[in-house]
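The residues making up each chain are set out below.
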Amino acid sequence: MAKLWGARFSKETLQEVELFTSSLALDQRLWSVDIQGSIVHAKMLSRQGVLTEVEGEQLVQALQEIHSEFEVSLKKGLGIPVDPRSEDIHSDIEKKLFEKIGQLAGKLHTGRSRNDQVATDIKLYLKKELNLFIEEIAELQKQFLSEAELSTEVLLPGFTHMQPAQPVSLAHHLLAYFWMFQRDKEKTFDALKRLEKCPLGAAALAGSRFPLDRHFTAKELNFSQGPTENSMDTVSDRDFAVEFLSVAATVMMHLSRFSEELILWSTPAFSFLELGDEVTTGSSIMPQKKNPDVAELIRGRVGLVYGDLIGLLTTLKGLPLSYNRDLQEDKSYLFRTLDTVRASVNLMRLMLESVRWNHDKMSLALRGDFSNATDLADFLVGKGMSFRQAHEVVGEVVQYCLRHKRALEDMTGEELLSFNPLFTEEVLTILPHQAVLQARKTVGGAGPTVVKEQIESAKLALKTLHG
Ligand code: ARG
């Protein structure tokens, strides 16, 4: 097949080389933004008198036709209509243009290189995708929020070191994830800012001798911060991709942490929840099994996303200015991560929607778990004892309970009194886990009154970021 650059060569490229260098499989998804960029470039060239008005119009029209043809093929379920022998999506579209309008197609590339073209395409594509991604994270947050609204009074042990620590509400636990995803969303918004300068017009690396109007191009393509400042930086910069990959790595880490809890909490030992049949899988040998494979795969795919982040950083670290073919690999990292993280966010929402919480198991787990011990010490502090001393007294009470197989909440007033005279009758009112939770009133704490305030903050946070 004719190449965009064939004339300088007297021998055919080896097929192995063609296979090795092709990026079509990766970059074909850029077809729409690539055509969009080309349309604006053609308009700009004719506005600037580099092409005649008629040439500009013909190019634009032919490009629009090609765009429609792609759409039709996709709508019919026939996939992206590319020639598998094309080196990349840019060559493929230029070839289609040539088939339509002959030699005029060759004028489109005036003052442009695939180097600034591909950087532009990726930014345009990412902008669209990240806006969708933000919406998807918000949907997941809404699910956490609505589950939380139903469970401000549902108790379960809060853990540190995986040991029961202090009682919390299910709402409080779930809202912890709400805020993680809120930060992720903020970071994604921030990453979008680095996608607002237009690379097109940097050409191969040094700009062009043609009077390109880069401001026009940037404006027409909705780059709100205008053209990039340095053509060499422009064609070799992939910082914006690194930034997204880093956000994605954090999102996956958060999803993985919740996956781990879903897995753990759905074990028979915990039984805090049951995942819906529609999001779980069975075993080919053990008929009783219902496995949390989706959660495990999310946890598993974290490695893939971390790998992509490190992969791109490694690709970039030794690159001299300006464009080097290594940069073509950016798409492999970027698109795999994009697909993985978006699917994971969506699957997590579906999983969460399917959860049946087992409140009884949660409160059963609290029985005799000593997660009310801190409050027993706090009671003594309220009577004037230092916290360190109180810690010691309660430590002895715990040891007594363990020895006599007693739950702390079942201790009688008399028994407690035998440990310290400050244990007056009213101590019995603070010991039930429910009372412990109610007493957590500090801002951001686990008690129902402040969790209700937290829910209001969460609703406001959702609204503020989305306008
Ligand atoms: N497919 C290439 C990429 O994705 C396009 C740029 C090719 N440029 C070049 N000078 N060979 O990076």
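So, a few notes on the structure that sits alongside this text. What you see is a predicted model, and the numbers here were worked out from it, not measured in a lab.

**Topic: the nonpolar core**
Here is step 1: Counting 97 residues, the largest nonpolar core has Phe244, Leu255, Met351 and Trp357 as the members making the most contacts within it.
Here is step 2: For this core, the leading source of residues is helix α10 (residues 239-265), giving 15 residues.
Here is step 3: The residues contacting Trp357, other than those within four sequence positions of it, are Glu147, Leu170, Leu174, Trp265, Phe272, Leu273, Leu352 and Met362.

**Side note on the pattern of salt bridges**
Side-chain pairs of opposite charge can arise where the charged atoms are in close proximity.
Here is step 1: Applying the stated criterion to the full structure yields 36 salt bridges.
Here is step 2: A salt bridge links Lys100 to Glu65; the nearest nitrogen and oxygen atoms lie 3.2 Å apart. One end of the pair, Lys100, is in helix α5 (residues 89-101); the other, Glu65, is in helix α4 (residues 53-75), with 35 residues separating them in the sequence.
Here is step 3: Using a relative accessible area of 33% as the deciding quantity, one classes Glu65 as partly exposed.
Here is step 4: Among the charged side chains, a network of salt bridges with common partners joins Glu87, Asp88, Arg114 and Arg325.

**Some details on the packing of aromatic side chains**
Here is step 1: One pass over the structure, following the stated rule, counts 14 aromatic pairs.
Here is step 2: Between Trp5 and Phe9, the aromatic rings sit 5.2 Å apart at their centres with planes inclined by 65°, giving edge-to-face as the arrangement.
Here is step 3: The class of Trp5 is partly exposed, set by a relative accessible area of 31%.
Here is step 4: Through a chain of ring-to-ring contacts, three or more aromatic side chains come together here, namely Phe144, Tyr177, Phe181 and Phe258.

**Comments concerning the pairing of strand β2 (residues 163-169)**
Here is step 1: For strand β1 (residues 155-160) and β2, the ladder comprises six bridges, and the chain directions are antiparallel. Note on β2: the bridge partner recorded for Pro157 is Pro167.
Here is step 2: Counted along the chain from β1 to the antiparallel partner β2, the turn is two residues long, and its residue His161 has a positive phi close to 55°.

**Considerations on the site of the ligand**
Here is step 1: Lining the immediate environment of the ligand, one finds Ser23, Asp27, Asp88, Arg114, Asn115, Val118, Tyr323, Arg325, Gln328 and Lys331.
Here is step 2: Contact distances for the ligand include 3.0 Å between a nitrogen atom and a side-chain N or O atom of Asp88.
Here is step 3: In this structure, an oxygen atom belonging to the ligand sits 2.5 Å away from a side-chain N or O atom of Tyr323.
Here is step 4: Considered on its own, the ligand offers 350 Å² of accessible surface; in the complex 86% of this is hidden by protein.
Here is step 5: Among the elements that make up the shell around the ligand, the one with the highest residue count is helix α6 (residues 114-149) (three residues).
Here is step 6: Class assignment for the residues of the shell around the ligand results in two nonpolar, three polar and five charged.

**Things to note about unusual backbone geometry**
In terms of backbone geometry, most residues other than glycine have negative phi values and most peptide bonds are trans.
Here is step 1: A cis amide bond, omega 0°, links Leu321 with the succeeding residue Ser322.
Here is step 2: Relative to the elements of secondary structure, Ser322 occurs in the loop between α11 (293-317) and α12 (330-354).
Here is step 3: One non-glycine residue, Phe370, lies in the positive phi region at around 65°.
Here is step 4: Along the chain, Phe370 turns up in the loop between α13 (359-366) and α14 (373-382).
Here is step 5: What makes Phe370 buried here is its relative accessible area of 16%.
Here is step 6: For Lys405, which is not a glycine, the phi torsion comes out positive at approximately 50°.
Here is step 7: By the element assignment, Lys405 lies in the loop between α15 (387-403) and α16 (413-417).

**Some remarks on α4**
Here is step 1: The end-to-end C-alpha separation of α4 is 33 Å, in line with the 33 Å expected for 23 residues at 1.5 Å each.
Here is step 2: Restricting attention to buried positions, one finds in α4 the residues Glu55, Gly56, Leu59, Val60, Ala62, Leu63, Ile66, His67, Phe70 and Ser73.
Here is step 3: In this fold, the buried residues of α4 make contact with α3 (31-47) and α5.
Here is step 4: Backbone geometry just downstream of α4 places Gly77 in the positive-phi region, at approximately 75°.

**Some thoughts on the environment of Gln225**
Here is step 1: With respect to the element layout, Gln225 can be found in the loop between α8 (214-220) and α9 (231-236).
Here is step 2: For Gln225, a relative accessible area of 39% gives the class partly exposed.
Here is step 3: Through-space distance from the C-alpha of Gln225 to that of His215 is 9.5 Å; in sequence the pair is 10 residues apart.
Here is step 4: Sequence-distant contacts of Gln225, defined by excluding residues within four places in its chain, comprise Lys193, Glu196 and Lys197.

Thresholds, definitions, all that
- Every chain's residues receive numbers from 1 upward, in the order its sequence appears when written.
- At least 70 in pLDDT is required for a residue's local features to be given in this predicted model, at least 80 for side-chain atom pairs to be given and counted, and no such filter applies to totals for whole chains, interfaces and linings, which use all residues.
- For the side-chain quantities, the full set of heavy atoms in the structure was used; hydrogens and water were omitted.
- Only buried Ala, Val, Leu, Ile, Met, Phe, Trp, Tyr and Cys residues count toward a nonpolar core, and they belong to the same one when joined by side-chain atoms within 4.5 Å.
- Throughout, exposure labels follow a simple rule: accessible area from a 1.4 Å probe, protein chains only, divided by the maximum for the residue type, with under 20% read as buried, over 50% as exposed, and the rest as partly exposed.
- Secondary structure counts use DSSP, requiring at least four H or I residues in a row for a helix and at least two E residues in a row for a strand, with both numbered from the N terminus.
- What makes two residues a contact is simply this: any of their non-hydrogen atoms within 4.5 Å.
- By definition, a salt bridge exists where a carboxyl oxygen of Asp or Glu is found within 4 Å of a side-chain nitrogen of Lys or Arg.
- When the centres of two rings from Phe, Tyr and Trp lie within 6.5 Å, Trp using its six-membered ring, the rings pair. Their planes under 30 degrees apart give stacked, over 60 give edge-to-face, and anything left gives tilted.
- Pairing between two strands requires that DSSP report at least two bridges joining them.
- Residue proximity to a molecule or strand is established when one non-hydrogen atom of the residue lies within 4 Å of it.
- Polar contact is the term for a pair of N or O atoms within 3.5 Å; when the atoms are in protein, one must be able to donate a hydrogen and the other to accept it, and sequence-neighboring residues count only if both atoms are side-chain atoms.
- Throughout, the Shrake-Rupley method with a 1.4 Å probe supplies accessible areas, and for residues the shown protein chains are the sole cover considered.
- Note that Gly is not counted as nonpolar here; it falls among the polar residues with everything else outside the nonpolar set of Ala, Val, Leu, Ile, Met, Phe, Trp, Tyr, Cys and Pro and the charged set of Asp, Glu, Lys and Arg.
- Given the number of residues in a helix, its expected span is that number minus one, multiplied by 1.5 Å.

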